[in-house]
Amino acid sequence: ALKKEYLFQKQKYNLVSINLVSWKFSKMRPSNFPTIRLAQLANLIFENSNLFDFFIQKNITVKQMKEKLNISIIEGFWFSHYTFEKESISKKKSIGKVMLNSLIINTICPFLFIYGKYKGEELFCEKALVLLESITPEDNRITRLFEKEIKIKSAFETQGIIQLFNTKCLAKKCLECGVGVSLLKE
C-alpha cells in the first residue's frame, strides 16, 4: 500500500526518487536506519498538526520539548520492518535520549534563534541559547578531542567547540583562537 501510494504521488508531483547510494545503512544500528528516522518524522508530523506553534511558545521547557519529540512506532508497517524489503521481529521503535538532545540542539535551537532574528524578537534568540545551556554536552569525535583540555558543561559549549574546530582547527588558524593559543603555550 505504501509503495502504491508513493508511485501515485511520484507521478502526480513529478517526484524524483532518492538515489539508493544515498541511503546509509552500514555501520548503523537498525533503530538508526534512515527508513526508521523518516517513519518517526512522519509520525511526529501526523500526530502534531500544530508543531510549529508548539515550539514557538515563550514558556516551553526542555522537558516539554522532549515529550513532544519522543515519538514511538508501536504499530503499522514500521513496527515490523527496518527496511522496505525485509520483515523483522515486531518491536517498538523509540527515539533515545541522545537523539532527543541532538534534535533540540541541531534543529529546534537554530530554528528558534533564526525565527527570533526574522521576527525581531530577541526573546526567541535568548530562549535558544538558554536551551543549549540546559542540555548535557554532546559526545562526539570533535568534543572528545578537547575533553582533556576543556571541561565541557553544556551543549552550548559543545556547539562553540564544534564551530571553533570547523573554522579554526581545520583551517590551521591556531594563533587566531584563544583555545589554540593556550594549548600551544603548554
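Here's a quick rundown of the structure. In this text, all values refer to a predicted model and were calculated from it rather than measured experimentally.

### So, the layout of surface pockets
Piece 1. A volume near 1,300 Å³ is recorded for the largest pocket.
Piece 2. Of all the secondary-structure elements, those providing two or more residues to the lining of the largest pocket are α1 (2–13), α2 (34–47) and β1 (72–73).
Piece 3. Examining the composition of the lining of the largest pocket, we find that eight residues originate from one element, α2, more than from any other.
Piece 4. Considered class by class, the residues forming the lining of the largest pocket number 20 nonpolar, six polar and five charged.
Piece 5. As a volume, the second largest pocket reaches approximately 290 Å³.

### Side note on the side chain of S154
Piece 1. Its location among the elements puts S154 in the loop between α7 (141–146) and α8 (155–169).
Piece 2. With residues up to four places along the chain from it excluded, the contact list for S154 reads L132, E133, I135, T136 and P137.

### Some points on the nonpolar core
Piece 1. Counting 24 residues, the largest nonpolar core has F55, M65, L69, I104, I108 and L112 as the members making the most contacts within it.
Piece 2. Within the residue set of this core, elements represented by two or more residues are α3 (51–55), α4 (62–69), α5 (97–119) and α6 (122–134).
Piece 3. If you tally residues by element for this core, the top one is α5, at seven residues.
Piece 4. Apart from the residues within four sequence positions on either side, L69 is in contact with L44, F55, I95, L100, L103, I104 and I108.

### Quick word on α2
Piece 1. Over its 14 residues, α2 runs 20 Å from end to end, which matches the ideal 20 Å to within 8%, given 1.5 Å per residue.
Piece 2. Within α2, the full set of buried residues consists of P34, T35, I36, R37, A39, Q40, N43 and L44.
Piece 3. Contacts made by the buried residues of α2 are with α3, α4, β1, β2 (93–94) and α5.

### Comments concerning the packing of aromatic side chains
Piece 1. Under the criterion given, the structure shown has 11 aromatic pairs.
Piece 2. Pairing F52 with F111 gives two aromatic rings, centres 5.5 Å apart and planes at 75 degrees, and the pair type is edge-to-face. Within this pair, whereas F52 is found in helix α3, its partner F111 is found in helix α5, the two being separated by 59 residues in sequence.
Piece 3. F52 sits in the partly exposed class, given a relative accessible area of 40%.
Piece 4. F111 gets classed as partly exposed once you look at its relative accessible area, which sits at 30%.
Piece 5. With a centroid separation of 5.5 Å and 85 degrees between ring planes, the pair formed by F52 and Y115 is classed as edge-to-face. Residue F52 is found in helix α3, and its partner Y115 is found in helix α5; the two are separated by 63 residues along the sequence.
Piece 6. Aromatic ring contacts, followed pair by pair, group W23, F25, F33 and Y82 into a single cluster.

### With respect to the side chain of T158
Piece 1. Here T158 is to be found in helix α8.
Piece 2. Assessed through its relative accessible area of 0%, T158 is described here as buried.
Piece 3. Of note is the side chain of T158, whose polar atom sits 2.9 Å from the backbone oxygen of A155.

### Considering the packing of α5 against α6
Piece 1. The geometry of α5 relative to α6 is characterised by a closest axis approach of 6 Å and an angle of 160 degrees between their N-to-C directions. Classified by the angle their axes make, α5 and α6 are roughly antiparallel. Crossing angle aside, the handedness with which α5 passes α6 is left-handed. Facing I105, C109, L112, F113, Y115, G116 and K117 of α5, the residues of α6 in contact are E122, F124, C125, K127, A128, L129, L131 and L132.
Piece 2. Each residue belonging to the contact of α5 with α6 can be placed in one class, and the counts come to 11 nonpolar, one polar and three charged.

Scoring rules and cut-offs
Starting from 1, residues in each chain are numbered consecutively following that chain's sequence as written. Totals for whole chains, interfaces and linings use all residues, but because this is a predicted model, local features are given only for residues with pLDDT of at least 70 and pairs of side-chain atoms are given and counted only at 80 or more. Neither water nor hydrogens contribute to the side-chain values; these are computed over all heavy atoms in the structure. The way it works is a 1 Å grid over only the protein atoms, where trapped points that fit a 1.4 Å probe form a cavity and open points with protein on both sides within 12 Å along at least five of seven lines form a pocket, and then any residue with an atom within 4 Å of a point lines it. Grid points are joined across faces, edges and corners, and a volume is the space filled by probe spheres set on the points. In this text, helices come from DSSP runs of H or I with a minimum length of four residues, and strands from runs of E with a minimum of two, each type numbered from the N-terminal end. In this count, Pro and Cys sit with the nonpolar residues alongside Ala, Val, Leu, Ile, Met, Phe, Trp and Tyr, while Asp, Glu, Lys and Arg are called charged and the others, Gly among them, polar. Contacts are assigned to residue pairs that have any heavy atoms within 4.5 Å of one another. Among buried residues, the Ala, Val, Leu, Ile, Met, Phe, Trp, Tyr and Cys ones that are joined through side-chain atoms within 4.5 Å form a nonpolar core. Residue burial is assigned from relative accessible area. The probe radius is 1.4 Å, only protein chains are included, and a residue is buried under 20% of its type maximum, exposed over 50%, and partly exposed in between. For a helix, the expected span equals 1.5 Å multiplied by the residue count minus one. For Phe, Tyr and Trp, where Trp contributes only its six-membered ring, two rings pair if their centres lie within 6.5 Å, and the inter-plane angle classes them as stacked under 30 degrees, edge-to-face over 60, or tilted in between. Polar contacts, as counted here, are pairs of nitrogen or oxygen atoms within 3.5 Å of one another; within protein the pair requires one atom able to donate a hydrogen and one able to accept it, and residues that are adjacent in sequence qualify only if both atoms are side-chain atoms. Think of each axis as a best-fit line through the C-alpha atoms, taken over the contacting stretch in the case of a helix, with angles from 0 to 180 degrees between the N-to-C directions. Reported orientations rely on four angle classes, namely roughly parallel under 35 degrees, roughly antiparallel over 145, roughly perpendicular from 65 to 115, and oblique for the rest. For any pair of crossing helices, the crossing counts as left-handed if the nearer helix is rotated counterclockwise from the farther one by less than a right angle, and right-handed if it is rotated clockwise.

In short, the description is geometric, and any link to function would need to be established separately.
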